[in-house]
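Each chain is listed here by its residues.
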Amino acid sequence: MAMICINTRIRAPREIVFDLSRSIDLHLESTAHTNEVVIAGRRSGLIELNETVTWRAKHLGCYRELTTKITDMEYPVKFEDRMTKGPFKYLQHIHLFREEDGGTLMTDLFYFAAPYGFLGRIVTVLGLKPYMKRLLYKRNCMIKARAEAFITNP
């Protein structure tokens, strides 16, 4: 199994960062380059505990569908989503929010495993892990920019 850990420091209250992190609309905006759309479940607004969303997007040259469910939420400290259906053998994304130095430390813990055994592990190391890390980083940059802009211009 692969793991990605990204820490993002944001000069904004964690409640704002938490809500932006679970915004379906912001997620779609951050993945516009993949033609991502919602095809089932929660379609807009803030996703809540036990809700699902099914995304369709073009990744690595192919359209893929992924359904995730919010399996844990403690406002505004953490939430977790897990894949219930999709191209991975396993996917879990834990979002953590800690108040720090007048702002928020947002931590993403992203665990995943590709299917296809040994071949899947090779693909993960050579391309999939760096690709997923770039996607998460891009999303986090958008959350940071939006949260800090909101504080500057409420």
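Anything mentioned here points back to the structure above.
Since the model is a prediction, treat every value here as computed from it, not as a measurement.

## Let's talk about the pairing of strand β4 (residues 62-74)
Here's step 1: Where strand β3 (residues 52-59) and β4 come together, eight bridges link them in antiparallel fashion. What sits directly across from threonine 54, in β4, is threonine 67.
Here's step 2: The antiparallel hairpin formed by β3 and β4 contains two residues in its connecting segment, where leucine 60 sits at a positive phi of about 55°.
Here's step 3: Between β4 and strand β5 (residues 78-85), which pair antiparallel and follow one another directly, the connecting turn spans three residues.

## Quick word on the pattern of salt bridges
Here's step 1: Scanning the entire structure with this criterion turns up 12 salt bridges.
Here's step 2: Measuring nitrogen to oxygen at the nearest pair gives 3.2 Å for the salt bridge that ties aspartate 72 to lysine 78.
Here's step 3: Overall, aspartate 72 belongs to the partly exposed group, its relative accessible area being 26%.
Here's step 4: The shortest N-O distance in the salt bridge between arginine 82 and glutamate 80 comes to 2.6 Å.
Here's step 5: In this structure, a network of salt bridges that share partners links the residues Arg9, Arg98 and Glu100.

## Observations concerning unusual backbone geometry
Here's step 1: Across the junction of tyrosine 75 and proline 76, the peptide omega takes the value -10°, indicating a cis bond.
Here's step 2: Position of proline 76 among the secondary structure elements: in the loop between β4 and β5.
Here's step 3: Within the chain, asparagine 35 stands out as a residue other than glycine whose phi angle is a positive 60°.
Here's step 4: In this fold, asparagine 35 is placed in the loop between α2 (24-30) and β2 (37-41).
Here's step 5: Despite not being glycine, asparagine 50 has its phi angle at roughly 70°, a positive value.
Here's step 6: As for its position among the elements, asparagine 50 is in the loop between β2 and β3.

## What to know about the sheet that holds strand β6 (residues 90-100)
Here's step 1: In space, the seven strands of this open sheet follow the order β1-β7-β6-β5-β4-β3-β2, with antiparallel pairing throughout. A single partner strand is all that each edge strand has here, and the edge strands are β1 (2-10) and β2. Averaged over all neighbouring strand pairs, the angle between strand axes comes to 25°, with direction disregarded.
Here's step 2: With four bridges connecting them, β2 and β3 associate as antiparallel partners. Among the inter-strand pairings, valine 38 is bridged to a residue of β3, identified as tryptophan 55.

## Overview of the nonpolar core
Here's step 1: Counting 33 residues, the largest nonpolar core has Val17, Phe88, Phe112 and Met132 as its most contacted members.
Here's step 2: Considering each element in turn, this core owes the most residues, seven residues, to helix α3 (residues 117-152).

## Quick word on the packing of helix α1 (residues 14-21) against α3
Two measures define how a pair of helices packs: the angle their axes make with one another and the distance between the axes.
Here's step 1: Across the interface, α1 lies against α3 with an axial gap of 10 Å and an inter-helix angle of 135°. As the angle between them shows, α1 and α3 are arranged oblique. The hand of the α1/α3 crossing is right-handed. For the pair α1 and α3, contact is made by Ile16, Val17, Leu20 and Ser21 and by Arg139, Ile143, Arg146, Ala147, Phe150 and Ile151, respectively.

## Notes on a nonpolar patch on the surface
Here's step 1: A cluster of nonpolar side chains, Phe118, Ile122, Val125 and Leu126, forms an exposed patch at the surface whose accessible area comes to about 450 Å².
Here's step 2: By the element assignment, leucine 126 lies in helix α3.
Here's step 3: Overall, the relative accessible area of 69% leaves leucine 126 in the exposed class.

Calculation criteria
- Residues numbered from 1 in each chain as written.
- Predicted model: local features only at pLDDT ≥ 70, side-chain atom pairs only at ≥ 80, totals over all residues.
- Heavy atoms only, no water.
- Pairing = 2+ DSSP bridges.
- Helix = DSSP H or I, 4+ residues; strand = E, 2+ residues; numbered from the N terminus.
- Salt bridge = Lys/Arg side-chain N within 4 Å of Asp/Glu carboxyl O.
- Buried < 20%, exposed > 50% of the residue type's maximum accessible area, 1.4 Å probe, protein only.
- Axes fitted to C-alpha atoms, helices over the stretch in contact; angles between N-to-C directions.
- Core = buried A, V, L, I, M, F, W, Y, C linked by side-chain atoms within 4.5 Å.
- Parallel < 35°, antiparallel > 145°, perpendicular 65-115°, else oblique.
- Left-handed = near helix turned anticlockwise from the far one by under 90°.
- Contact = heavy atoms within 4.5 Å.
- Patch = residues over 30% accessible without salt bridge, like charges linked within 9 Å, V, L, I, M, F, W, Y side chains within 5 Å.
- Areas by Shrake-Rupley, 256 points an atom, 1.4 Å probe, with all protein chains shown as cover.

Keep in mind these values describe shape, not function.
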